[in-house]
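Residue strings, one per chain:
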Amino acid sequence: MYTIETIRELRSYIKSARQAGKSIGYVATMGYLHEGHASLVQTARAESDVVVVSIFVNPLQFGPNEDYEDYPRDLKKDQQLLTDHGCDVLFAPSVTEMYPRPMATFVDLPQLSDKLCGLTRPTHFRGVATVVCKLLNIVQPDTAYFGQKDGQQVAVIRRMVNDLNLPVRIVSVPIVREADGLAKSSRNIYLTLEERPHAAILSRALKAAADAIVDGERSALVITEMMADAISTEPGVRLDYAEVVETSTLQKAQTIEGNLMLAVAAFIGKARLIDNIPIQVEGTHVELL
Ligand code: PAF
C-alpha cells in the first residue's frame with residue numbers, strides 16, 4: 001500500500017489508474033480505524049479495482065469546544081489495518097495541504113443540518129459536506145462508501161451529491177457492533193470501564209423499538225417515547241435525542257410507514273454516542289435494513 005500526502009501525487013496516481021481502465025472505490029475516514037472502517041474497505045475492495053482510503057481529521061467539522069485536539073490518532077496501526085484489508089492507497093494529507101488558506105467556499109445543507117446531531121453540533125455538517133465535496137473532487141472515485149452509523153451524514157452526503165451532480169455513487173455500509181450491541185466508533189475509547197456497559201443502552205433501545213414496530217406499533221410518538229425512556233433511565237447516561245425520521249429528508253415521522261431511521265444520541269461521561277436502525281415499512285411488512 002502506498003501512503004500519499006499531497007493532492008498532486010494522488011491526482012497523478014488516479015490519472016494512471018483511470019488510463020488503465022480501473023474503477024476506483026473510496027473510503028473517507030478520520031483514522032483511528034476499527035472493524036466498522038474495515039467493513040467499508042472490504043466492501044470497496046470487493047467492488048473496485050483500486051481502493052483509496054483517506055485519513056484526515058477535518059478541523060472544519062469540529063465545534064470550538066469539541067474534541068479536535070484530543071481526537072484519537074494512530075497512523076501506524078491504521079496503515080497496518082488498511083494493508084491487511086487490501087487498501088491500495090492511503091491518502092493522508094496535512095491540514096495545510098487540504099486548507100492552504102482559510103476557506104471562502106462552503107457546502108451547506110441547512111434543512112438537513114439543523115436536526116438530530118445538528119442541534120448540538122450546529123456547524124458540523126457544513127464542515128463534513130465541505131470536506132467530503134473537496135475529497136470527492138480530489139479522489140474522483142466511481143463509488144464512495146460511508147458507514148450507516150453516521151446516518152445523518154449519509155443523508156447529507158447523498159443529497160449534496162445529488163444537488164451538485166457529483167459523478168459518484170454513494171453506498172452506505174451496515175453498522176458493525178460489539179458483542180453487546182454497541183456500535184463501533186473511534187469515540188468509544190472515551191468510555192471508562194464503569195461507563196462502558198451502560199453504553200449498550202443505545203442499541204438496546206433501538207432494538208426494542210424496532211421489535212415493537214415488527215409487532216405492529218405504528219405511532220412514531222410511542223416509539224420515540226419508548227427509546228427516550230429506556231435511554232434516559234439508564235444510570236450515567238444523558239439523552240440527547242431519540243427520534244423517528246424519514247431517511248432522506250430527516251423530517252420527523254408521524255406514523256411508522258415508508259423509509260425511516262430510528263435514531264438516538266446520548267452523552268456518557270466524556271463521550272457523545274450515536275446509533276440508528278434504518279427500517280422500511282410497507283403496511284404490515286417491516287424490513288430492518
Ligand atoms: O465519518 C467521518 O469519519 C467523517 O465525517 C468524514 C466523512 C471522513 C469527513 O471528515
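My aim in this report is to walk through the structure given alongside it, one point at a time. Counting of residues starts from 1 at the beginning of each chain's written sequence and follows it residue by residue. The predicted nature of this model means local features are confined to residues of pLDDT at least 70 and side-chain atom pairs, given and counted, to a pLDDT of 80 or more, with totals for whole chains, interfaces and linings taken over all residues. For side-chain calculations, the full set of non-hydrogen atoms in the structure is used, while hydrogens and water are omitted.

**Section: the sheet that holds strand β5 (residues 143–147)**
And then number 1: Here, any two strands with at least 2 DSSP bridges between them count as paired. Elements are defined by DSSP. Helices are runs of H or I of four residues or more, strands are runs of E of two residues or more, and each kind is numbered from the N terminus. Spatially, the 6 strands line up as an open sheet ordered β1-β4-β3-β2-β5-β6, and their pairing is parallel. At either margin of the open sheet sits one strand with a lone partner, and together these are β1 (2–4) and β6 (169–173). Across the sheet, the axes of successive neighbouring strands diverge by a mean angle of 25 degrees, strand direction being ignored.
And then number 2: Pairing of strand β2 (residues 24–29) with strand β3 (residues 50–55), which is carried by 6 bridges, proceeds in the parallel orientation. To define axes, lines are fitted to C-alpha atoms, for helices over the stretch in contact only, and angles between the resulting N-to-C directions are given on a 0 to 180 degree scale.

**Section: the pattern of salt bridges**
And then number 1: Here, a salt bridge means any side-chain nitrogen of Lys or Arg that lies within 4 Å of a carboxyl oxygen of Asp or Glu. Counting across every chain of the model gives 15 salt bridges.
And then number 2: Among the ionic pairs, D240 bridges to R272, the shortest N-O distance being 3.0 Å. Here the residue D240 occupies a position in strand β7 (residues 237–246), and R272 occupies one in strand β9 (residues 271–282), the gap between them amounting to 32 residues.
And then number 3: Looking at R272, the relative accessible area reads 17%, which means it is buried. Each residue is placed in one exposure class: buried if its accessible area under a 1.4 Å probe, protein chains only, is under 20% of its type's maximum, exposed if it is over 50%, and partly exposed if it falls in between.

**Structural notes on the side chain of R121**
And then number 1: Tracing the backbone shows R121 in the loop between α6 (117–120) and α7 (124–139).
And then number 2: On the basis of relative accessible area, R121 is assigned to the buried category, the value being 11%.

**Structural notes on the environment of S39**
And then number 1: Along the chain, S39 turns up in helix α2 (residues 35–47).
And then number 2: The exposure class assigned to S39 is buried, which follows from its relative accessible area of 15%.
And then number 3: C-alpha separation for the pair S39 and F106, spaced 67 residues apart in sequence, amounts to 30 Å.
And then number 4: Should any heavy atoms of two residues lie within 4.5 Å, those residues are considered in contact. In this structure S39 touches V173, P174 and V176, once residues within four positions along its chain are discounted.

**Let's talk about the packing of helix α9 (residues 201–214) against helix α10 (residues 220–232)**
And then number 1: Running from amino to carboxyl end, α9 crosses α10 at an angle of 155 degrees, the nearest separation of the two axes being 9 Å. The orientation of α9 relative to α10 falls into the category roughly antiparallel. As α9 runs across α10, the sense of the crossing is right-handed. Packed against α9, whose contacting residues are I201, L202, A205, L206, A208, A209, A212 and I213, the element α10 presents I223, M226, M227, A230 and I231 at the interface. Angles below 35 degrees are treated as roughly parallel, those above 145 as roughly antiparallel, those between 65 and 115 as roughly perpendicular, and all remaining angles as oblique. Each crossing gets its hand from how the near helix is turned against the far one by less than a right angle, where anticlockwise is left-handed and clockwise is right-handed.

**Describing the site of the ligand**
And then number 1: Here a residue is near a molecule or strand as soon as one of its heavy atoms is found within 4 Å of it. Taken together, A28, T29, M30, N58, Q61, V128, V131, V132, F146, D150 and Q153 make up all the residues around the ligand.
And then number 2: In the analysis that follows, any N or O atom pair within 3.5 Å is treated as a polar contact, provided that within protein one partner can donate a hydrogen and the other can accept it, and provided that, for residues neighboring in sequence, both atoms belong to side chains. Contact distances for the ligand include 2.6 Å between an oxygen atom and a side-chain N or O atom of Q61.
And then number 3: Areas reported as accessible are Shrake-Rupley estimates using a 1.4 Å probe. Residue values count occlusion only from the protein chains shown. Taking 290 Å² as the accessible area of the ligand by itself, protein coverage stands at 89%.
And then number 4: Counting only elements with at least two residues in the shell around the ligand, the list comes to β2 and α7.
And then number 5: With 3 residues, the single largest contributor to the shell around the ligand is α7.
And then number 6: We call Asp, Glu, Lys and Arg charged. Ala, Val, Leu, Ile, Met, Phe, Trp, Tyr, Cys and Pro are nonpolar, and the rest, Gly among them, are polar. For the shell around the ligand, the class distribution of residues is 6 nonpolar, 4 polar and 1 charged.

**Looking at helix α3 (residues 75–84)**
And then number 1: Those residues of α3 lying buried are D78, Q79, L81 and L82. The buried side chains of α3 occupy one side of the element, clustering within an arc of 165 degrees when seen end-on. Set apart from the buried face of α3 by more than 90 degrees, the exposed residues are K76, K77 and D84.
And then number 2: One or two positions beyond α3, positive phi appears at G86, with a value near 80 degrees. Working note: the arc is built from the helix axis to C-beta atom directions.

**Side note on the nonpolar core**
And then number 1: We define a nonpolar core as any set of buried Ala, Val, Leu, Ile, Met, Phe, Trp, Tyr and Cys residues linked to one another through side-chain atoms lying within 4.5 Å. Core analysis: the biggest nonpolar cluster contains 47 residues, and L10, V52, L136 and M160 have the highest contact counts within it.
And then number 2: In terms of residues, this core owes the most to one element, α7, which gives 10 residues.
And then number 3: In this structure, I201, L273, I277 and V281 belong to the second largest nonpolar core, which totals 37 residues.

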